[in-house]
Amino acid sequence: MAVNKRKVLDAARKYAQKGAKEKALKEYHTLLKLDPRDAKLHLEIGDCYRRWGQIDEAITQYARVADQYKDDGFDARSVAVFKQILNLDPKRYSAYVSLAELYQRMGLDSEALGALQAAADGYHKEGDKPAALELLRKMATLDPTNTTSRLKVAELLRQEGMEDDAVAEYEAVIAELDRQGAREQTLPVLERILELRPDRSDILRSTARKLIEIRKPERAEPFARKAVELDAEDADALEVAIDVYKALGKDEELASTTRALAKMYRERGDQDKARELAQRIPLSMELAADEEGGEAPEESESAFLSDDELLDDDFLAGEASETAEPELPLEEAAELELELDDEADEEDDAEELVLDQEDDGALDTGDAAADEGEAPLPEGDPEQLLAEASVYLRYGKRDQAIASLQAVLAQEPDHRAALERLGDAYAEGGDDVPAVAVWTRAAERAAADGDSSAFELLRDRIAALDEAAAAGLEAPSPS
């Protein structure tokens, strides 16, 4: 016998209005047997339960309709029903998850992230950390630039004892912040990694570098020091320490660490890198190392390395070539001093020496003085002459050192190590004018070579004697 649907529906509604729940539901179920997927009928039944105060039963009806709309592709209708569910029960976090999926499908990524965030926060408050973690990971996948979500993922992983996974998330956050140019924001994240992995030298170095970049070298020093303490043979750690000490103006630590790194490269056979590092050592520290019989100044307690690990000054002056005669051993210094004492009186002061600015910019290396009857320049291999000049300076024979260095420049006018050493010799004797001239030439060569570190050190030395000359130097072009 055919059922009159309109008549049954009217009866169900009358019973519902009178509060006769059982009779009303009986009529509604009669209709549902005819069409179990009648969404409007399920919504009407849900509304009845809501009016009767039976919230869970109402939500059950609404959720069935929302899921049906979602499966059938009626996304906007499904969203409206899920919002109705959340109005009744804001803690129904599964509804937020479904909303997020719908929003994402509709291209509303911002709304999707908001829904996931609400669900994740809710699960987290209730102590369901695995569920919260899963949702936060979905958020990170949906929007990798959302570092806030990724940090929450990392924190949850950390709380769950999943330290390796937490560190991986922290590193992903750092990479994204670097990409966004948010350098300062990476610092607390780096420190969080160090709390879990205090011996990560790469993180220590990165932390120190970030602090230098934002001009906080005093905070960078402990991280740089720890990196070197972990591995004194780590060239990258020593480079970071050098940058820190340079920024802090700690010349003693800067010199000792630079010497240590130069020595390391020398032992590894990279003579060019070793020489370049040796040329960075501040003038004041080089001169101090030449005093008192060649003993290096006592390192402060904050220096990384002991005196017996430092390079000798002969190497700082220049590495001897394979064909050159052996460098003069320091143990023969006493015999050399006796020989030097027998030499003629010291030559005129350095400022009386002529610096002939020829077309190629090279310095006059002493030929003019020889033409006037003065003693000729010494002969020999440039590197050996450099080594001898270092010994002369060590024993206070400044004019003999100047002659040896001019002899080097007579053969190689642009020899940077000789130019720098000659400027040192002039400055040590108070001959500011020739010192500035020679250092200026060395700075120009450093700029031409693209060596910004050496250029800056030389410019600082020049500025101490002649600010105008330093200001006129042209810095190396950025690489």
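Our subject is the structure that appears above.
As the structure is a computational prediction, the values presented were derived from the model and not from experiment.

Student: Before we go on, may I ask you to explain the overall build of the protein chain in this structure?
Tutor: In terms of helices and strands, the protein chain carries 26 helices and zero strands. Residues classed as buried in the protein chain amount to 46% of the 479 residues present. By sequence separation, contacts in the protein chain at least 24 residues apart represent 54% of the contacts at least 6 residues apart. Accessible surface computed for the protein chain: about 24500 Å², of which carbon and sulfur atoms make up 45%.

Student: Would you take a moment to explain the packing of helix α12 (residues 201–213) against helix α13 (residues 217–230) for this structure?
Tutor: To describe two helices that pack against each other, one gives the angle between their axes and the distance between the axes. Between α12 and α13, the least distance of the axes is 8 Å, while the angle of their chain directions is 155 degrees. Taken together, the axis directions place α12 and α13 in an arrangement best described as roughly antiparallel. Of the two possible hands of crossing, α12 and α13 adopt the one that is left-handed. Residue-level contacts link Ser201, Leu204, Arg205, Thr207, Ala208, Leu211 and Ile212 of α12 to Pro217, Arg219, Ala220, Phe223, Ala224, Lys226, Ala227 and Leu230 of α13.

Student: Just to check I follow, could you spell out unusual backbone geometry for this structure?
Tutor: Negative phi values dominate among residues other than glycine, just as trans dominates among peptide bonds. If you check the backbone angles, Arg215 has positive phi at about 65 degrees while not being a glycine. Locating Arg215 in the fold gives a position in the loop between α12 and α13.

Student: Mind showing me how you'd approach the side chain of Thr258 here?
Tutor: With respect to the helices, strands and loops of the structure, Thr258 is situated in helix α15 (residues 251–267). Classification of Thr258 by relative accessible area gives buried; the value is 1%.

Student: Would you mind going over the nonpolar core with me for this structure?
Tutor: Soluble globular proteins: nonpolar side chains tend toward being buried together. Of all hydrophobic cores here, the largest spans 89 residues; its most connected members are Tyr28 and Leu261. Among all residues touching Tyr28, those that are not within four sequence positions of it are Leu9, Ala12, Arg13, Leu41, Glu44, Ile45 and Cys48. Counting 31 residues, the second-largest nonpolar core is a separate cluster that includes Leu385, Ala417, Leu422 and Ala443.

Student: Help me understand the packing of helix α9 (residues 147–159) against helix α10 (residues 163–180), please; the structure alone is not making it clear to me.
Tutor: Where α9 meets α10, the closest approach of the two axes is 8 Å, and the angle between their N-to-C directions is 160 degrees. If you check the angle between α9 and α10, you find them roughly antiparallel. Remark: the crossing between α9 and α10 carries left-handed chirality. Of the residues in α10, those touching α9 at Thr147, Arg150, Leu151, Val153, Ala154, Glu155, Leu157 and Arg158 are Asp165, Ala166, Glu169, Tyr170, Ala172, Val173, Glu176, Leu177 and Gln180. Looking at the contact of α9 with α10 residue by residue, the classes come out as nine nonpolar, two polar and six charged.

Student: Can you walk me through the pattern of salt bridges in this structure?
Tutor: When charged atoms on two side chains of opposite charge get close, those side chains can pair. For the coordinates displayed, the defined rule picks out 35 salt bridges. Here Arg179 makes a salt bridge to Glu176, at a shortest N to O gap of 2.7 Å. In this pair, Arg179 and Glu176 are both assigned in helix α10, three residues apart and thus about one turn of the helix distant. What makes Arg179 exposed here is its relative accessible area of 57%. Among the residues examined, Glu176 registers a relative accessible area of 10% and is labelled buried. Among the salt bridges present, the one from Glu195 reaches Arg192, with a minimum N-O distance of 2.9 Å. With Glu195 and Arg192 both in helix α11 (residues 183–196) and three residues apart, this pair spans about one turn of that helix. Overall, the relative accessible area of 25% leaves Arg192 in the partly exposed class.

The rules behind the values
Residues numbered from 1 in each chain as written. Predicted model: local features only at pLDDT ≥ 70, side-chain atom pairs only at ≥ 80, totals over all residues. Heavy atoms only, no water. Helix = DSSP H or I, 4+ residues; strand = E, 2+ residues; numbered from the N terminus. Buried < 20%, exposed > 50% of the residue type's maximum accessible area, 1.4 Å probe, protein only. Contact = heavy atoms within 4.5 Å. Areas by Shrake-Rupley, 256 points an atom, 1.4 Å probe, with all protein chains shown as cover. Axes fitted to C-alpha atoms, helices over the stretch in contact; angles between N-to-C directions. Parallel < 35°, antiparallel > 145°, perpendicular 65-115°, else oblique. Left-handed = near helix turned anticlockwise from the far one by under 90°. Core = buried A, V, L, I, M, F, W, Y, C linked by side-chain atoms within 4.5 Å. Nonpolar A, V, L, I, M, F, W, Y, C, P; charged D, E, K, R; others polar. Salt bridge = Lys/Arg side-chain N within 4 Å of Asp/Glu carboxyl O.

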